[in-house]
Every structure is written in C-alpha cells, then in structure tokens.
Amino acid sequence: MTDAIRPPQIRVAVIPVAGKGTRWNPITRSVAKELLPVWRRTSASYAFEEAIAAGIEEVIFVVSPDKHGVFEHFLRFDASDLGARYQGESPRHLHERVKVRACIQEEARGLGHAILCAENDVANRPFAVLLPDEVLMENGLSRIIGITPSVLLMEVPYAQRSHYGIVAGHEHHGRVTITDLVEKPDPALAPSGLAVTGRYTFNPDIFDYLRTQEPGHHGEIQLTDAMRRLTADHPISGVIYRGTRHDVGQPMGLLTASLDFALKDPEYRDQVRKEVEALLHTDAR
Ligand code: G1P
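Residues numbered from 1 in each chain as written. Predicted model: local features only at pLDDT ≥ 70, side-chain atom pairs only at ≥ 80, totals over all residues. Heavy atoms only, no water.

A. Fine view of the state of the cysteines. Counted by the stated rule, this structure contains zero disulfides. With no disulfide of its own, C103 lies 6.1 Å from the sulfur of C117, the closest cysteine sulfur. C117 sits in the partly exposed class, given a relative accessible area of 24%. (Disulfide = S-S within 2.5 Å. Buried < 20%, exposed > 50% of the residue type's maximum accessible area, 1.4 Å probe, protein only.)

B. Region of interest: the environment of R229. In this structure, R229 sits in helix α9 (residues 223-233). Relative accessible area serves as the criterion here: at 32%, R229 is assigned to the partly exposed category. Each C-alpha atom, one on R229 and one on Q213, is 9.0 Å from the other, the two residues being 16 residues apart in sequence. When sequence neighbours within four positions are dropped, the list of residues in contact with R229 reads Y209, T212 and Q213. (Helix = DSSP H or I, 4+ residues; strand = E, 2+ residues; numbered from the N terminus. Contact = heavy atoms within 4.5 Å.)

C. Summary view of the nonpolar core. V14, F127, Y200 and M227 are the most contacted members of the largest nonpolar core, which has 33 residues in total. If we ignore the near neighbours within four places in the chain, the residues touching Y200 are L111, F127, A128, V129, L131, L141, I144, S150, V151, L223 and M227. Formed by 32 residues, the second largest nonpolar core is a distinct cluster that contains A44, I52, F71 and L136. (Core = buried A, V, L, I, M, F, W, Y, C linked by side-chain atoms within 4.5 Å.)

D. Seen up close, the packing of aromatic side chains. Counted according to the given criterion, the structure contains eight aromatic pairs. Look at F48 and F74: their rings are 4.9 Å apart centre to centre, the planes differ by 50°, and that puts the pair in the tilted class. With F48 in helix α1 (residues 45-53) and F74 in helix α2 (residues 68-75), this pair connects stretches of sequence that are 26 residues apart. Looking at F48, the relative accessible area reads 1%, which means it is buried. F74 gets classed as buried once you look at its relative accessible area, which sits at 2%. Among the aromatic residues, those joined into a ring-pair cluster are F127, Y200, F202 and F207. (Phe/Tyr/Trp six-rings, centres within 6.5 Å; stacked < 30°, edge-to-face > 60°.)

E. Local environment of the site of the ligand. Close to the ligand lie L111, L131, E134, Y164, G165, E183, K184, V196, T197, Q222 and T224, which account for all nearby residues. Between an oxygen atom of the ligand and a side-chain N or O atom of E134, the distance comes to 2.5 Å. A distance of 2.7 Å separates an oxygen atom of the ligand from a polar atom in the side chain of E183. Coverage of the ligand by the protein amounts to 78% of the 380 Å² it exposes when considered alone. (Near = heavy atom within 4 Å. Polar contact = N/O pair within 3.5 Å; in protein donor to acceptor, adjacent residues only side chain to side chain. Areas by Shrake-Rupley, 256 points an atom, 1.4 Å probe, with all protein chains shown as cover.)

F. A look at the environment of F127. Summarising the element assignment, F127 is placed in strand β6 (residues 127-130). Along the primary structure F127 and T212 are separated by 85 residues, whereas in three dimensions their C-alpha atoms are 20 Å apart. For F127, the residues in contact, after removing those within four places along its chain, are I10, V12, V14, I115, V122, Y200, T201, F202, N203, I206 and F207.

G. Representation of the pairing of strand β1 (residues 12-16). A large share of β1 lies buried, amounting to five of its five residues. With five bridges joining them, β1 and strand β4 (residues 58-63) adopt parallel strand pairing. By the bridge assignment, I15 is partnered in β4 with F61. (Pairing = 2+ DSSP bridges.)

H. Structural context of the side chain of T224. Take T224: it is sitting in helix α9. Ignoring any residue separated from it by four or fewer positions in sequence, one finds T224 in contact with G165, L181, V182 and E183.

Next up, the structure:
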C-alpha cells in the first residue's frame, strides 16, 4: 500500500479585490464595494477572517490602481476583535502571525488574470483563493485547505447556474472528483447543479495554465477555464458545502447577510428582531 500524498500546509491566501463593482454604482464611484458594511464589519472582512481562522498567515490582496483604500483597511485590521472571536489569540500575537500585502492588477482582465498578478508574491508556494463576494456562515476554507488542488462547491437552483462556474464530476460522500468545469453556462447546458463557491486551493502550477489562458466568458481570463485545463493533467477535488452562504456582491445578499449576522449578535439580536417585526407590521398595514 502506498502512503497518501500529503499536500504541504497552505499558509498564504490571495483575496482579489480589484473588481469595479459596477452593480453597486453610483456608490462604488467613491467607495470600494469590499468596504460596504455587512452588519458591523466591512464585507471583505469575512473572507479575510475566514482565511486567518483556517490557519493562513499571509494574505495577498489583489487591488486595482484606484483601490488602495481596501488594502489600507486590512493593513490596520482589528486584531483585538478578531483574536477574541476566532482563536483566543492576543492581538499582538495575531499582528505578528498574520502578514498583509498587496499587489496591483493594472487592468481589469478577469479573475484568472487577477490571480496571475499575485504570482511573484505567492512565490512558488501552494495557496488558497477566497472571493470576498461570498460570505459563508461556516468556515468553508478550512474544509478544503488540506487538499490541493481543490474547490468548495454548493448546489444552486437551476436558474442560478448561469451565475457561477459549474462542475461535472463523480460525487461520493460529499467529495467530488471533478472531470470538467464551465464558466457561467446556459442553465440548460450546465453539466450539473454544483457551483464553485469562491474558495479554492492550488499548487503553484496553476500559474502555468493562467499564463497561457485565452480570454473566455465576457472576453476575460477566467480562472475556471484554467482549472478546466488543469483537470486534464491533475485531478481537482470538490468538497460540497451545505451551510448558509450570502452573495454580498449584490444588494439582496448584502441585506440578508447583515440580517443574519445581526440576528446572531448576542448584543443586538433582541433589538433587531423587534425592529424587523415593527417594520413588517408597518408594511402590512
Ligand atoms: C467568480 C467565478 C465563478 C464562481 C463565482 C463564485 O465569478 O468566475 O466561477 O462560481 O466567482 O462567486 P464572479 O461572481 O466573480 O463573476
């Protein structure tokens, strides 16, 4: 019997925050969508904290030239709150343990291109990717961090298949061996209802595929297309996430995420419940 191949422990994560956020116009003319509040934190804080709670020690933000504010926000991250909520670590220890850096995506050429911009900073190490538009109420990255390459998947309704990367594969007890991926397919042509949720792990060889990737959906360099070529050479594992997820990249998701956190906040939940009930009562009249 051969020993299972253990992937090296992943300590670095890439969080792309260079998107223009056009769905949020006119707000995003002056404020980055990643800094919009979801309950009492900025929307991108949740992906950042999920990474740290999963053991990440270095976070690389991919920013656009006009979005330095996002990086500055995380450079001064609130270690006191984070330490108390996640690991009981002291703020000083957290600041020593977690490094935050930024690299610049000069042109908006798609998610695959954004990840490629982080190649030098990733420096030949296995790494994770977290898309901050996806807020997961349970730690999704920790489910896949021990498997490379891998991706977190979630079953989505038929009509939503055209909003995501969709995979084909064989499922066995919540694990999927991925055989194909398609970026935002027509629902009728989608190979399944399993969508990529925005949590990935890779070995540095993904950069070889990204560097040679032709533009795809929307004329952009798609991470999904590079992963599709990767599956021909190396299997990618999928893990199915069954927890709650909010898409804070759009207004309804931002609102429901805020409400979800507010209703779980021991300091405010009773008050929030009362306020919501009063609003529903007024609305029903
Ligand atoms: C990106 C990916 C897509 C993935 C989605 C998850 O799309 O390209 O494959 O399913 O994130 O949120 P975006 O939503 O950035 O257009």
